[in-house]
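# Architecture at a glance
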Amino acid sequence: MRVSRLLLVTLRDDPAEAEIPSHKLLLRGGYIRRISSGIYAYLPLLWRVLQKISTIVRQEMDATGALETLLPQLQPADLWERSGRWAGYTAGEGIMFHLTDRQGRELGLGPTHEEVITALAADLLRSYRQLPVNLYQIQTKFRDEIRPRFGLMRGREFIMKDAYSFHADEDCLRQTYAAMDGAYRRIFQRCGLRAVAVEADSGAIGGSASQEFMVTAEAGEDLILTSADGRYAANQERAVSRPSVALPLAAAPRAGGVGDRLSTPGQTTIEQLCSAHGFDPSQLVKVLLLLARFADGQFQPLLISLRGDQQLNDVKLANAVSARLSGAHGALLSIDPLTADLVRSERLPLDLSEIPFGYLGPDLADQTLAPDPSHRSDTAGVAPPTTPAVQLTRSFLRLSDATAAELEAFVCGANAADHHRVGASWAGLGLQPESLDLRAAQSGDRCLHDPDQCLQAARGIEVGHIFQLGRKYSEAMEARFTNESGVDEPLWMGCYGIGVSRLAQAAVEQHHDADGICWPVAIAPFAVIVVIANTQEAIQVELAESLYAELTAAGLDVLLDDRTERAGVKFKDADLIGIPWRVVVGRGAAAAQVELVRRAGREKLELAASDVRATLEAEIGREIAGATLVA
Ligand code: ATP
Ligand code: MG
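Reading the values: the criteria
Residues numbered from 1 in each chain as written. Chains lettered and ligands numbered in written order. Predicted model: local features only at pLDDT ≥ 70, side-chain atom pairs only at ≥ 80, totals over all residues. Heavy atoms only, no water. Helix = DSSP H or I, 4+ residues; strand = E, 2+ residues; numbered from the N terminus. Buried < 20%, exposed > 50% of the residue type's maximum accessible area, 1.4 Å probe, protein only. Contact = heavy atoms within 4.5 Å. Areas by Shrake-Rupley, 256 points an atom, 1.4 Å probe, with all protein chains shown as cover. Lys, Arg positive; Asp, Glu negative; His and termini not counted. Charge placed at Lys NZ, Arg CZ, Asp CG, Glu CD. Pairing = 2+ DSSP bridges. Axes fitted to C-alpha atoms, helices over the stretch in contact; angles between N-to-C directions. Near = heavy atom within 4 Å. Polar contact = N/O pair within 3.5 Å; in protein donor to acceptor, adjacent residues only side chain to side chain. Donors = N, O, S within 2.8 Å, 3.2 Å for Na, K, Ca; no water. pLDDT = per-residue confidence, 0-100. Parallel < 35°, antiparallel > 145°, perpendicular 65-115°, else oblique. Nonpolar A, V, L, I, M, F, W, Y, C, P; charged D, E, K, R; others polar. Domains from an automatic or database assignment. Buried area = accessible area lost by both parts, 1.4 Å probe. Left-handed = near helix turned anticlockwise from the far one by under 90°. Salt bridge = Lys/Arg side-chain N within 4 Å of Asp/Glu carboxyl O.

Broken down by element type, the protein chain carries 15 helices and 32 strands. Considering only C-alpha atoms, the protein chain reaches an extent of 100 × 65 × 50 Å along its principal axes. The burial tally for the protein chain puts 51% of its 631 residues in the buried class. Considering only contacts within the protein chain whose residues lie at least 6 apart along the sequence, 70% involve residues at least 24 apart. Only carbon and sulfur atoms are counted for the fraction: they give 50% of the accessible area of the protein chain, which is about 27300 Å². Mean positive and mean negative side-chain charge positions of the protein chain (63 and 81 charges, respectively) differ by 3 Å.

Okay, the sheet that holds strand β32 (residues 604-608) next. A sheet is described by the order of its strands in space; here five strands give the open sequence β29-β28-β30-β31-β32, paired in mixed fashion. Both edges of this open sheet fall to β29 (558-561) and β32, since each of them pairs with a single strand only. In this sheet, neighbouring strand axes are inclined to one another by 25° on average, regardless of whether the strands run parallel or antiparallel. One ladder, built from four bridges, connects strand β28 (residues 528-532) with β29; its direction is parallel. Bridge pairing links Val528 to Val558 in β29. Against the sheet, helix α13 (residues 538-553) makes contact with β28, β29, β30 (581-585) and β31 (593-598), and its axis sits at roughly 170° relative to β29, the strand it touches most.

Here the focus is the sheet that holds strand β19 (residues 410-413). Strands pair in a sheet through their backbones, by hydrogen bonds, and they do so in one of two ways: parallel or antiparallel. The sheet built from three strands is open, its strands ordered β13-β20-β19 with antiparallel pairing. Of all the strands in the sheet, the pair left with one neighbour each is β13 (260-263) and β19. If you compare each strand with its neighbour and ignore which way they point, the axes differ by 30° on average. In this sheet, strand β20 (residues 419-424) lies alongside β13 in antiparallel orientation, the contact comprising four bridges. Across the sheet, the residue bridging to Arg261 is Arg421, located in β20.

It is worth spelling out the site of ligand 1 at this point. Around ligand 1, a shell composed of 14 residues is seen, among which Arg143, Glu145, Arg154, Gly155 and Glu462 lie nearest. Between ligand 1 and Glu462 there is a distance of 2.7 Å, counted from an oxygen atom to a side-chain nitrogen or oxygen. At 3.3 Å, a side-chain N or O of His465 approaches an oxygen atom of ligand 1. Relative to its unbound accessible area of 580 Å², ligand 1 is 87% covered by the protein chains. Counting residues per element, the shell around ligand 1 draws most heavily on strand β22 (residues 455-470), which supplies four residues.

What follows is about the coordination of the magnesium ion (ligand 2). Surrounding the magnesium ion (ligand 2) are the protein donor atoms Glu462 (OE) and His465 (ND1), at 2.2 to 2.3 Å. Taking relative accessible area as the criterion, Glu462 reaches 21% and is therefore assigned partly exposed. On the basis of relative accessibility, which here comes to 10%, the residue His465 falls in the buried class.

Here we come to the confidence of the model for the protein chain. Of all residues in the protein chain, 96% attain a pLDDT of 70 or more, and the chain-wide mean is 94. Low pLDDT, under 50, characterises residues 374-380; the predicted model gives this stretch ten contacts beyond four residues in sequence or across chains.

Along the polypeptide, Asn483 turns up in the loop between β23 (480-482) and β24 (488-490). Among the residues examined, Asn483 registers a relative accessible area of 16% and is labelled buried. Only 2.8 Å separates the side chain of Asn483 from the side chain of Glu489, close enough to count as a polar contact. Apart from residues no more than four positions distant in its own chain, Asn483 is found in contact with Tyr128 and Glu489.

Moving on, we get to the environment of Arg126. For Arg126, the location among the structural elements is in the loop between α5 (114-124) and β7 (133-142). Arg126 sits 365 residues away from Leu491 along the chain, and the two C-alpha atoms are 9.8 Å apart.

At their nearest, the axes of helix α2 (residues 44-63) and helix α12 (residues 500-510) sit 10 Å apart, and the two run at 110° to each other. It follows from the interaxial angle that α2 and α12 lie roughly perpendicular. Residues Leu46, Val49, Leu50, Ile53 and Ser54 of α2 form the contact with α12, whose own contacting residues are Val500, Ser501, Leu503 and Ala504. Of the residues belonging to the contact of α2 with α12, the class tally is seven nonpolar, two polar and no charged.

Partitioning the protein chain into structural domains gives domain 1 (46-210 + 217-222 + 461-510), domain 2 (255-436) and domain 3 (526-630). Spacing between the C-alpha centres of domain 1 and domain 2 amounts to 37 Å. With six residues of domain 1 at the interface, the matching set in domain 2 holds seven residues. Summing both partners gives a buried area of about 460 Å² for domain 1 against domain 2, and 60% of it is carried by carbon and sulfur.

This part is about the packing of α2 against helix α6 (residues 170-190). Look at α2 against α6: their axes get within 9 Å of each other, and the N-to-C directions meet at 155°. Classified by the angle their axes make, α2 and α6 are roughly antiparallel. Between α2 and α6 the crossing geometry is right-handed. Contacts between α2 and α6 involve Ile56, Val57, Gln59, Glu60 and Met61 from the first element and Met180, Ala183, Tyr184, Arg186, Ile187 and Arg190 from the second.

Turning our attention to helix α1 (residues 21-28). With respect to burial, α1 is a largely interior element, six of its eight residues being buried. Among the residues trailing α1, Gly30 stands out with phi positive, at a value near 75°.

On to the pairing of strand β14 (residues 285-294). Within β14, eight of the ten residues are buried, leaving the element largely enclosed by the surrounding structure. Connecting β14 to the next strand, strand β15 (residues 298-307), in antiparallel fashion are three residues, including Gly297 with a positive phi near 95°. By the bridge criterion, five bridges tie β14 to strand β16 (residues 332-337) in an arrangement that is antiparallel. Each bridged residue has a counterpart across the sheet, and for Ala292 the counterpart in β16 is Ile335.

Glancing now at the pattern of salt bridges. Side chains that carry opposite charge are capable of pairing whenever their charged atoms lie near each other. For the structure shown, the criterion picks out 43 salt bridges. One salt bridge in this structure joins Glu60 and Arg186, with 2.9 Å as the shortest N-O distance. Pair noted here: Glu60 is in helix α2 and Arg186 is in helix α6, with a separation of 126 residues, a long-range link. Here Arg186 falls in the partly exposed class, since its relative accessible area comes to 24%. The residue Asp561 makes a salt bridge to Arg563 at a minimum N-O spacing of 3.0 Å. Overall, the relative accessible area of 1% leaves Asp561 in the buried class. Owing to a relative accessible area of 15%, Arg563 belongs among the buried residues under this scheme.

This is the structure in C-alpha cells:
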C-alpha cells in the first residue's frame, strides 16, 4: 500500500476530546474518528489492526474446536423476559439500547448473546451425543454505557468476540473453561500484550466462577489486587483479604450493651469523632442508609453496618442484596444513598426529616420509615397508601460486614442528633447481625492464603472475561438435553468474551512513546514502512520501489511512503502511526545502502538493500515466535 493512497490524515496536536495516551494517539495517527459519544469510525489503518487481532482470535478459538457463527444483533424482548434480564438491562442503569418495531414489538440491540444462544441451544441440542459444543462470533455489540469514555476503551458500539459452550455436566464445563483460559493467554501473548488473569465478579451475566484478563496500564479503569508471591490476583470488586485487627474498646460493653450516651455535636464523620474523643476508627460501627430499587418497582431501604476503618464494596453489597430479594422483586436496578433529593426525584412517600443523619446506629427503628409523623405506629413491613407505581418496604434490610458484626463493644450513633453511644454491643441493641463480606479489600491488606503476603494494587484494562454460567440460562429458558441414562436435564453452560476493539487500544496504551505508537508486529497495520527520503531523486525512488515490490512479494505487509513531503514529515508520521520497522532509502541509495530502524527503541542499522528482506524476515519471525510461546 502506498501512503499517497492511504487516506492518511494525521494530527499534529492532541485532540481536546482525548484524555489518555492511547486515545490521543489513535486519533492523531488517523486510526479512528469520533462520530458521536462512544461511537467511532474505524479508519482503514485500524481496520487492519482489528483484522489481525481477529485472525489470531479465530486461530486460537478454532484450535480449541470452537465453531464460528454469527448471531442476530436485533433481539426480541421476550427472550430477555424469559431469562429475567429484560427489566434489568433496559430500566434504571440498564445498558441495552431498545426500540419498538412497526408492529409494536419490543426489541433490544445485543449487548451480549446468552439469551439468543440459549434459545438456539434449546432448539438444536437434544442429546448428550451432541455435547460438548462451543460456538463463537466476532461482532459489533451495543451498550448504552453510563460513562462512555477513552475512545475504544468504553464505547457504546464496539467489537467483541463472544463464545458460548454447552455441556452435559459440570466437569466438562470446567474442562472447556480451562481450554478457554489457555486460548486467551495465547491470544493476548500473540497480540504482544502483557495480561494477567484475575478472579472476577460475575456481574449481570451471572454464574459461579469467572476470571478476567487485565492488561496492566495506568489508564486502566479497574483496580486489581495481587500478592507478591503470584498466588492471588483479583479484581477489587471481588477481592478478599484479612482485615486489620480492631483495637478493643477500653469501656466495653456498657450499660447492658446499650452503651453510654456521649455528646458529640457537629461530629458526624469518623475523623471528627476520633479526633475529638481519641477513638480508633476500628472501634466504631458506621451505618449507611441506602435505597435499593428493583425491577418490579419495589424500593427497599438498606441499613448497612461497617467497621469505622473499612470501606463498602458496592459490588459485594449489590450481590448480597440481589441474593436476598431478587427472587421476590426481580433484578436489582440500583442502590443509592437514601437522601432527601432521592425521595423527591423518585416521589417516595417518605419523610426523612426525623432521620438523624450523621448519628445513625445499626438499631435505627423501622418506624423512621413511616410516611409521616402521624403514621409512626404503622406496623413495620406493611405498605401504607402510596402512589400506585411506587412500592416501598417500610422496614430496613439490615446487613453487616463481618468486621462490624464481630466487634464485642463499639461506638455508634445514638439515633439522635448530636449523640453517639460508647460501649454498645449487638445483643444490647437487640440485633443479631449475620457476618457478611461487604468490605473493600485494599492495597496493603494481608492475604487470606498467607498472612505474610500483602495485597498490592495495580490498574488494569479488562480485555477478556470468561464465565462458568452453570445452568442459570438453561433452566430459565428450558434448554434441556437427554443424558446418557435417558434422563432429561438442563444444559451446563459457559461464556467467554474478548473486547477486540478495546484490546487494540489497550495494545497502544502498553506500547507507545512520546512520538507515537509502537505496535507489536503481530497486530501492526503494516509490518514495514519504506520511506523515500527525497522523491526528487530518481535513484531513491527506483530502489525504494524495488524494495517495496520485493518485500511485498515475500508476504510482508509493507507501506511505501511515496509522498512528496519532506523526509522529516514522513519520519514523524511513521513514528506516530507506529509501524514496527522503517526502511529509509536516502543518499546511500547510490551505493545500494539503506537504513533500517526499529520503531520500539529506535535501533538503527545501515545495510545493503539486498540484505533487507532476509534481515526483516528474521527479526519479524523472531518477534512473532517469541510471542507465540505459551506463558
Ligand atoms: P466492563 O466491566 O469494562 O464494563 P463488562 O464486564 O461489562 O466490561 P463483559 O460483558 O465481560 O464486559 O464483555 C466482554 C468484554 O468486552 C470485556 O472483557 C471487555 O474487553 C469488552 N467490553 C465490554 N464493554 C465494553 C465497552 N463498552 N467498550 C469496549 N469494550 C467493551
Ligand atoms: Mg466483564
